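# Observations on the model geometry
Take a look at the letters that make up each chain.
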Amino acid sequence: MKTIRQYVGILIAGVLLFFLAKPFLQTHTSLKQITFSIQWHWLISSFCLILLYWSAYLYPFARLLSGVTQKRVNFRDAWLLFHLSNITRYLPGRIWGIIRLLSLCKEFDLSKTAVGSSLTLHVGIETFLGGILAMSLLFSHQMRGVVQGVLKKFTENAFITTAAIIVILVGSFFLIPMLSSKARRLTKTLRDIGELLLQKSFWGQWVKIIVSHMLLWMCQGFAFFLFVRSLTPVKWMLAGVLSACFAFAWFVGFLSFLTPGGLGIREGLLAILLANYMPTPQATRIALLCRVWMLAAEIALAAIAFLYNRRKQ
């Protein structure tokens, strides 16, 4: 049985490696005819910042998890739990990251309900604040027409799909308890979690969670600006609007539900937005390489988490 699990693990690792390598190969093919002039000090600075972002990303998650479980959850455990599973979200289906995350709960002595509900709140807050930052582009005179055109294109796909899923989830929340006692217990558990997180004693933690998410978006946005600056000269005054471009592409890619990690959709939209501030070939190059840049950081942290966890065992 142990041998079978090992072979299955190798198979999954091979499949994951294929889907992770695919964007790199596509990027290499798309950029064959483009010359590079890399400012290495900005590139290294941006990569260090994005590593900081992905490391600090688990702070609000750990705080939420502590509130749900009513016990102190070690930041290191939250960090390991997330990064051991995060990279599998690039497998087709968009559910494998969650499945892997929940499968690791027992190893860290955490309940699947607590982890799942905490992650949902964590990502929900991140998406909400990212959406606010993304919508700031609508106040930019130069970008208003472009953003409105993009919103029209995605309205019938991403946003209607999202609304339909929300309706189904809300409907299920009220209907399923009438069909199953197990569902009623789940509903009660979720209600208890909500009550715990709304207690006055947790209000201070909410402030820390919201503020930390805002700082995380600032960190990620500035890291992206430095990444852009490492490939093409852009003025420092564009740091805010380029961060908003990244947030908008991230937001629409997240809501698309079409590809794992928003692959393709995020890059295409980012290229369209960046083309307003630089030549189209440069915008395309940056949009494609941005995925490589992000993936490299995620793979590095996943490797560190895997090696550390293996050594700990």
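Residues numbered from 1 in each chain as written. Predicted model: local features only at pLDDT ≥ 70, side-chain atom pairs only at ≥ 80, totals over all residues. Heavy atoms only, no water.

## Topic: the environment of L242
Selection criterion: Comment: elements are numbered from the N terminus, with helices defined as DSSP H or I runs of at least four residues and strands as E runs of at least two. Contact definition: two residues touch when any of their heavy atoms are within 4.5 Å.
Looking at the secondary structure, you find L242 in helix α10 (residues 239–255). Sequence separation of L242 and L270 is 28 residues, and the distance between their C-alpha atoms is 9.7 Å. Sequence-distant contacts of L242, defined by excluding residues within four places in its chain, comprise F224, F225, V228, V234, L274 and Y277.

## Thoughts on the packing of helix α3 (residues 58–69) against helix α4 (residues 75–86)
When two helices pack together, their arrangement is given by the angle between their axes and by how far apart the axes lie. Note the following rule: Comment: axis = line fitted to C-alpha atoms, over the contacting stretch for helices; angle = value between 0 and 180 degrees taken between N-to-C directions. Here the word oblique covers every angle except those under 35 degrees (roughly parallel), over 145 (roughly antiparallel) and from 65 to 115 (roughly perpendicular). For any pair of crossing helices, the crossing counts as left-handed if the nearer helix is rotated counterclockwise from the farther one by less than a right angle, and right-handed if it is rotated clockwise. Charged residues are taken to be Asp, Glu, Lys and Arg, nonpolar residues to be Ala, Val, Leu, Ile, Met, Phe, Trp, Tyr, Cys and Pro, and polar residues to be all remaining types, Gly included.
Where α3 contacts α4, the axes come no closer than 9 Å and their chain directions differ by 110°. One finds that α3 runs roughly perpendicular with respect to α4. Note that α3 runs across α4; the crossing there is right-handed. Side by side, α3 and α4 meet where L58, Y59, F61 and A62 of the first sit next to F75, A78, W79, L81, F82 and H83 of the second. Here the residues of the contact of α3 with α4 are counted per class, giving nine nonpolar, one polar and no charged.

## Quick look at the packing of α10 against helix α11 (residues 265–274)
At their nearest, the axes of α10 and α11 sit 8 Å apart, and the two run at 150° to each other. One way to sum up the angle between α10 and α11 is to call them roughly antiparallel. Crossing angle aside, the handedness with which α10 passes α11 is right-handed. Residue-level contacts link L242, C245, F246, F248, A249, W250, V252, G253 and F254 of α10 to I265, R266, L269, L270, L273 and L274 of α11. A breakdown of the residues in the contact of α10 with α11 according to their chemical character gives 13 nonpolar, one polar and one charged.

## Comments concerning the environment of L110
Position of L110 relative to the elements: it lies in the loop between α5 (96–103) and α6 (112–135). A sequence separation of 41 residues divides L110 from T69, and the C-alpha atoms of the two residues are 8.0 Å apart. In this structure, L110 is in contact with L65, T69, K71, V73, L81, C105 and V115, ignoring residues within four places of it in sequence.

## Observations regarding the confidence of the model for the protein
Any segment with low pLDDT has predicted coordinates that should not be analysed in fine detail. How we decide: Residue-level confidence of the predictor is summarised by pLDDT, bounded by 0 at the bottom and 100 at the top.
Per-residue pLDDT for the protein has a mean of 75; in total, 63% of the residues score no lower than 70. In the model of the protein, helix α1 (residues 2–30) stands out as the element of lowest mean pLDDT, 51, in contrast to helix α2 (residues 40–56), which has the highest, 95. Counted against residues more than four places away or in other chains, residues 172–183, with its pLDDT under 50, gives eight contacts.

## Comments concerning unusual backbone geometry
Within the chain, Q70 stands out as a residue other than glycine whose phi angle is a positive 60°. Note on placement: Q70 falls in the loop between α3 and α4.

## Some words on α11
Our working rule: Using a 1.4 Å probe on the protein chains alone, a residue whose accessible area is under 20% of its type maximum counts as buried, one over 50% counts as exposed, and one in between counts as partly exposed.
The element α11 is largely enclosed, with a buried count of eight among its 10 residues. What α11 keeps buried is the set I265, R266, E267, L269, L270, A271, L273 and L274.

## Overview of a nonpolar patch on the surface
Spelled out, the test is: Candidates for patches are residues over 30% relative accessible area with no salt bridge; among them, like charges are joined within 9 Å and nonpolar side chains (Val, Leu, Ile, Met, Phe, Trp, Tyr) within 5 Å. Using the Shrake-Rupley algorithm and a 1.4 Å probe, accessible areas are obtained, with residue cover drawn only from the displayed protein chains. One speaks of a salt bridge when a side-chain nitrogen belonging to Lys or Arg is within 4 Å of a carboxyl oxygen belonging to Asp or Glu.
On the surface, a cluster of nonpolar side chains totalling about 390 Å² of accessible area is made up of V207, V211, L215 and M218. Mapped onto the elements, M218 comes out in helix α9 (residues 203–231). M218 sits in the exposed class, given a relative accessible area of 57%.

## A short note on the pattern of salt bridges
Taken as a whole, this structure holds two salt bridges when the rule is applied. As a salt-bridge pair, K71 and D109 come within 3.9 Å of each other at their nearest N and O atoms. You can see K71 sitting in the loop between α3 and α4 and its partner D109 sitting in the loop between α5 and α6, a full 38 residues away along the chain. Overall, the relative accessible area of 37% leaves K71 in the partly exposed class. When its relative accessible area of 58% is taken as the criterion, D109 is described as exposed. Of the charged contacts in the structure, one is a salt bridge between E267 and R291, with a shortest N-O distance of 2.5 Å.

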